[in-house]
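Here's the letter readout for the chains.
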Amino acid sequence: MSGARSSTWTVRGIARAMLPLLAVLTVVEVGSGLVLDTFEEQLLRYPSLLVLVPVTIGTAGNLGSILAARLSTAFHLGTLSFAPDDDRLLGNAVATFGLAVTIFPVVGAAAWLVTSITVSADLGFVTVVLVATLSGAVLAVLAVVVTFVATYAAYRLRLDPDDVVIPVVTNTCDVLGVLVLFAVVRLVL
């Protein structure tokens, strides 16, 4: 293990692992911006949604990052199992979802409050909270799946999950956050 660790902890090893990944994730982020651009008219019509976009994608990325950090720690401790019946894996997934359904209604309420104070409430309180909560619940499930897949891929490719999983999760949650938010908006409005 020390031979593998010493080669991955060099500038060359880190660059070799991270540069291709960061290049791909940059393209993913550009895609997120292009998707966001297609919803510009709706965002301008409903400023509450405009407030929700960065908070929603940021919170989803944060939830995925928390899970990624926990899985990475378990990986380094040698306690990570990818077995479907692993209670720790399931417990972390349930905790992530529980955090999401707790925090996203608060995010929706805060978005509505900020919008009503600064420009005027364009959508009703319940509507904004519903959009945030539904989006957050779906994003939590997706963040868990992306985190599990990215951690497993890092394990299989012999990459340090500390280096690769969080960038993958946060960038993927940015794109998924925009898509999920506007899918929920289309269902609710």
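This report concerns the structure included in the present document.

Reading the values: rules and limits
- Residues numbered from 1 in each chain as written.
- Predicted model: local features only at pLDDT ≥ 70, side-chain atom pairs only at ≥ 80, totals over all residues.
- Heavy atoms only, no water.
- Helix = DSSP H or I, 4+ residues; strand = E, 2+ residues; numbered from the N terminus.
- Buried < 20%, exposed > 50% of the residue type's maximum accessible area, 1.4 Å probe, protein only.
- Contact = heavy atoms within 4.5 Å.
- Lys, Arg positive; Asp, Glu negative; His and termini not counted.
- Charge placed at Lys NZ, Arg CZ, Asp CG, Glu CD.
- Phe/Tyr/Trp six-rings, centres within 6.5 Å; stacked < 30°, edge-to-face > 60°.
- Patch = residues over 30% accessible without salt bridge, like charges linked within 9 Å, V, L, I, M, F, W, Y side chains within 5 Å.
- Areas by Shrake-Rupley, 256 points an atom, 1.4 Å probe, with all protein chains shown as cover.
- Salt bridge = Lys/Arg side-chain N within 4 Å of Asp/Glu carboxyl O.
- Core = buried A, V, L, I, M, F, W, Y, C linked by side-chain atoms within 4.5 Å.
- Polar contact = N/O pair within 3.5 Å; in protein donor to acceptor, adjacent residues only side chain to side chain.
- Expected span 1.5 Å × (residues − 1).

## A short note on the overall build of the chain
The number of helices and strands found in the chain is seven helices and zero strands. Ordered by position in the sequence, the α and β elements of the chain form the string α-α-α-α-α-α-α. C-alpha extents for the chain along the principal axes are approximately 60 × 35 × 25 Å. Within the chain, the proportion of its 189 residues that are buried is 39%. Summarising the internal contacts of the chain: among those between residues at least 6 apart in sequence, 79% fall at separations of at least 24. For the chain, the separation between the mean place of its 9 positive charges and that of its 12 negative charges on side chains is 11 Å.

## With respect to the packing of aromatic side chains
Applying the stated criterion across every chain, the model contains six aromatic pairs. Consider the rings of F75 and Y155, whose centres lie 6.2 Å apart with planes at 80°: the pair is edge-to-face. Here F75, found in helix α4 (residues 47-77), pairs with Y155, found in helix α6 (residues 125-156); they are 80 residues apart in sequence, far enough to count as distant. Exposure remark for F75: the relative accessible area of 24% places this residue in the partly exposed category. Where F82 meets Y155, the ring centres are 5.6 Å apart and the plane angle is 40°; that geometry is what we call tilted. Note that F82 is positioned in the loop between α4 and α5 (87-118) and Y155 in helix α6, a separation of 73 residues in sequence. Joined through ring pairs, the aromatic side chains of F75, F82, Y152 and Y155 make up one cluster.

## Describing unusual backbone geometry
Not every positive phi belongs to a glycine, and R158 is a case in point at roughly 60°. Relative to the helices and strands, R158 resides in the loop between α6 and α7 (161-188).

## Description of a nonpolar patch on the surface
There is a patch of nonpolar side chains on the surface, built from F97, V101, V141, V145 and V149 and spanning about 390 Å² of accessible area. Counting residues per element, the ones that place at least two in the nonpolar patch are α5 and α6. The element best represented in the nonpolar patch is α6, accounting for three residues.

## Thoughts on the nonpolar core
By size, the foremost hydrophobic cluster in this structure holds 38 residues, and its most contacted members are L49, L52, V131, V165 and F182. The element contributing the most residues to this core is α7, with 11 residues. Discounting chain neighbours no more than four positions away, the residues touching F182 are L36, F39, Q42, L43 and V53.

## Section: the side chain of T96
Locating T96 in the fold gives a position in helix α5. Of note is the side chain of T96, whose polar atom sits 2.8 Å from the backbone oxygen of N92. In this structure T96 touches L63, L67, A140 and V144, once residues within four positions along its chain are discounted.

## Thoughts on the environment of A150
By the secondary structure assignment, A150 is in helix α6. Classification of A150 as buried rests on a relative accessible area of 12%. With 135 residues separating them in the primary sequence, A150 and A15 have C-alpha atoms 19 Å apart. Once residues within four sequence positions are removed from consideration, A150 is found in contact with V165 and V168.

## Comments concerning α6
If you check α6, its first and last C-alpha atoms are 46 Å apart, about what 32 residues at 1.5 Å a residue would give, namely 46 Å. Phi turns positive one or two residues past the end of α6, at R158, with a value near 60°.

By themselves, these are just geometric observations and shouldn't be taken as functional.
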